[in-house]
Amino acid sequence: MATFGTLSDRLTETFRNLRTKGKLTASDVDGTVREIRRALLDADVALPVVKDFTAKVRERALGDEVNKALNPAQQVVQIVNEELVQILGGEQRRLQFAKTAPTVIMLAGLQGSGKTTFAGKLARQLENDGHTPLLVAADLQRPNAVNQLQVVAEQAGATIFAPEPGNGVGDPVKVSRDGVEHARRQQHDVVIIDTAGRLGVDAELMKQAADIRKAVQPDEVLFVIDAMIGQDAVNTAKAFQEGVDFTGVVLSKLDGDARGGAALSVASVTGRPIIFASTGERLEDLEPFHPDRMASRILDLGDILTLIEQAQQAFDEEEAMKVAEKIATEQFTLEDFLEQLQQMKKMGSMKKMLGMLPGMGQMKQQLEDFDEREIDRTEAIIRSMTPGERRNPKVLNGSRRLRIARGSGMTVTDVNQLVARFEQAAKMMKTVARGGTPNIPGMGPVPGMGRPGASTKRGKKGKSSGSRSRSGNPAKRAAENAGLTAATPGTGSGFGLGGAQAPSEADLAEIQKLFGKN
């Protein structure tokens, strides 16, 4: 979520300074609120929203709920989190469907805000949910707008109604009305009307949008706004609300690198909820907007729930059970590993998924260095093997490895490293499946992964779990000692909320190594 990256950095740095204080004074609170105000203003959040937000935070931070808390600094973070959720709309709002089909959804917004792309994404999502959407091409002014919607509809696998060629030809109000009637005849239960935009707000745009709304009586009017356009987002939203009115907001281009704070203001200024957030260029990159989850991401507290939901969509439950059984019975092969890689790719960007983990905002450089192409290289190596070699890597002798390297465009060293890492990963997964504690090379046992009530007694030779390695092999001794150090429990999350611990650099390095080169 690069759009809010700068805001997230500023806020997390402010809260990091609070952690060292056992008791907060009025001056500590004022200093924190002042830094929050600067961070929000620098991020282009509307001034009235900033004033209201900081006043509420200060009032609550100086109240009894903080003074009586065991950890006042953590309580202040919690207050900021709760108030940020309110700015973003409070509770999640879903699309409202009509009691009698079809449900009519009208899209509005400036030119270039991403309406047409969002139309395709929404159609794709609705189809996945069992609906039969119809896209209506009512943007007849922008050059090639109709052609663009046709391409998007084809990619999404959706039906389109486009009786006019566009490029200034045709009546958008008539097309919209006819589109709804066509949907009724063809039994489409949702109609998505893509309307025209302008480079700026003008009377002609507002009149056309208002006429379309009056003609089709939509159940939802979604205002699509570019999260990167800055402070003008608020003015545009106000103008559309006064001229056309809308029932919900869609934030597009949240994967951009602009400050984006003005997008935080839209729900608060207009009183309309944010329903969707577009987080990438692919048709799958559309998320229902959860104010609480977005606030957690901004404060670097992670978004585990969204990560789990994406995993559930990408992974087949029955297949997952089969894989778990294979792992437990030592039958997990490179073929199974290849299937798991392909399902992971369905979830989207690994960087995006890792960014949803708590505390990852502090490891931006490591995330940037994560090369997602290594997954493709790993896949190429496995595909260059025969089915027998994938099922039993032990048959891979020198000549076979050379053939695989040539077939995948990689080196023999790459093949060797993949096989070695696969064997290590298979051992780790088998240990976890049996309720044991995985021992990651160079990291040692993973804290908190053992069986409930597992024994912490001394080992066979009387060594305690915290003793230093006495191996005669220097390399092995260094690795084991490093593992013992890494196994020491951390101090919790960066803000002490939820007790989650940020993945270490070693964790990221190990994930990177699992899928490709060092």
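If you're wondering where the values come from, they're calculated on a predicted model, not measured in any experiment.

About the cut-offs
Residues numbered from 1 in each chain as written. Predicted model: local features only at pLDDT ≥ 70, side-chain atom pairs only at ≥ 80, totals over all residues. Heavy atoms only, no water. Salt bridge = Lys/Arg side-chain N within 4 Å of Asp/Glu carboxyl O. Helix = DSSP H or I, 4+ residues; strand = E, 2+ residues; numbered from the N terminus. Axes fitted to C-alpha atoms, helices over the stretch in contact; angles between N-to-C directions. Parallel < 35°, antiparallel > 145°, perpendicular 65-115°, else oblique. Left-handed = near helix turned anticlockwise from the far one by under 90°. Contact = heavy atoms within 4.5 Å. Nonpolar A, V, L, I, M, F, W, Y, C, P; charged D, E, K, R; others polar. Core = buried A, V, L, I, M, F, W, Y, C linked by side-chain atoms within 4.5 Å. Buried < 20%, exposed > 50% of the residue type's maximum accessible area, 1.4 Å probe, protein only. Expected span 1.5 Å × (residues − 1). Polar contact = N/O pair within 3.5 Å; in protein donor to acceptor, adjacent residues only side chain to side chain.

Asks: Help me understand the pattern of salt bridges, please; the structure alone is not making it clear to me.
Replies: Throughout the structure, instances matching the rule amount to 17 salt bridges. Ionic pairing is found between Glu-35 and Arg-38, a salt bridge with its closest N-O pair at 3.0 Å. Separated by 3 residues within a single helix, Glu-35 and Arg-38 lie in helix H2 (residues 26-42), roughly one turn from each other. Among the ionic contacts, a cluster of salt bridges with common partners joins Arg-60, Glu-82 and Glu-83.

Asks: When you look at the packing of helix H6 (residues 115-128) against helix H7 (residues 145-156) in this model, what are you seeing that I'm missing?
Replies: Think of two packed helices as two axes; the pair is described by the angle between the axes and how far apart they sit. Taken N-terminus to C-terminus, the directions of H6 and H7 make an angle of 25°; their axes are 9 Å apart at the nearest point. Judged by the angle between their axes, H6 and H7 are roughly parallel. Where H6 crosses over H7, the two elements pack in a sense that is right-handed. Where H6 approaches H7, its residues Thr-116, Thr-117, Ala-119, Gly-120, Arg-124 and Glu-127 are matched on the opposing element by Gln-148, Leu-149, Val-152, Gln-155 and Ala-156. In terms of residue class, the contact of H6 with H7 is made up of 4 nonpolar, 5 polar and 2 charged.

Asks: Just to check I follow, could you spell out the nonpolar core for this structure?
Replies: Side chains that are nonpolar tend, in soluble globular proteins, to be buried together. With 93 residues, the main nonpolar core has Phe-118, Ile-192 and Phe-240 as its most contacted residues. With 8 residues, the top contributor of residues to this core is helix H5 (residues 72-87). When near neighbours in sequence (up to four residues on either side) are disregarded, Ile-192 contacts Ile-105, Leu-107, Ala-119, Leu-122, Ala-123, Leu-126, Pro-133, Leu-134, Leu-135 and Val-136. The next biggest cluster of nonpolar side chains, apart from the first, holds 17 residues, and it includes Phe-337, Leu-396, Ala-405 and Val-419.

Asks: In this structure, what is going on with helix H8 (residues 172-186)? I would like to understand it.
Replies: Every α-helical turn comprises 3.6 residues, leaving residues that sit three or four positions apart pointing alike. Between the first and last C-alpha of H8 there are 21 Å, a value that for 15 residues agrees with the 21 Å anticipated at 1.5 Å per step. Where H8 is buried, its residues meet strand S1 (103-108), strand S2 (133-137), strand S3 (159-161), strand S4 (190-194) and helix H9 (203-216). One side-chain oxygen at the N-terminal end of H8 lies 3.1 Å from the backbone nitrogen of Val-173; it belongs to Asp-171.

Asks: Looking at this structure, how should I read unusual backbone geometry?
Replies: Note on backbone geometry: most residues besides glycine have negative phi, and most peptide bonds are trans. Each neighbour pair has its own omega, and for Ala-101 with Pro-102 the value is 5°, a cis peptide bond. Take Pro-102: it is sitting in the loop between H5 and S1. Positive phi, close to 65°, is recorded for Asn-144, a residue that is not glycine. Within the fold, Asn-144 resides in the loop between S2 and H7.

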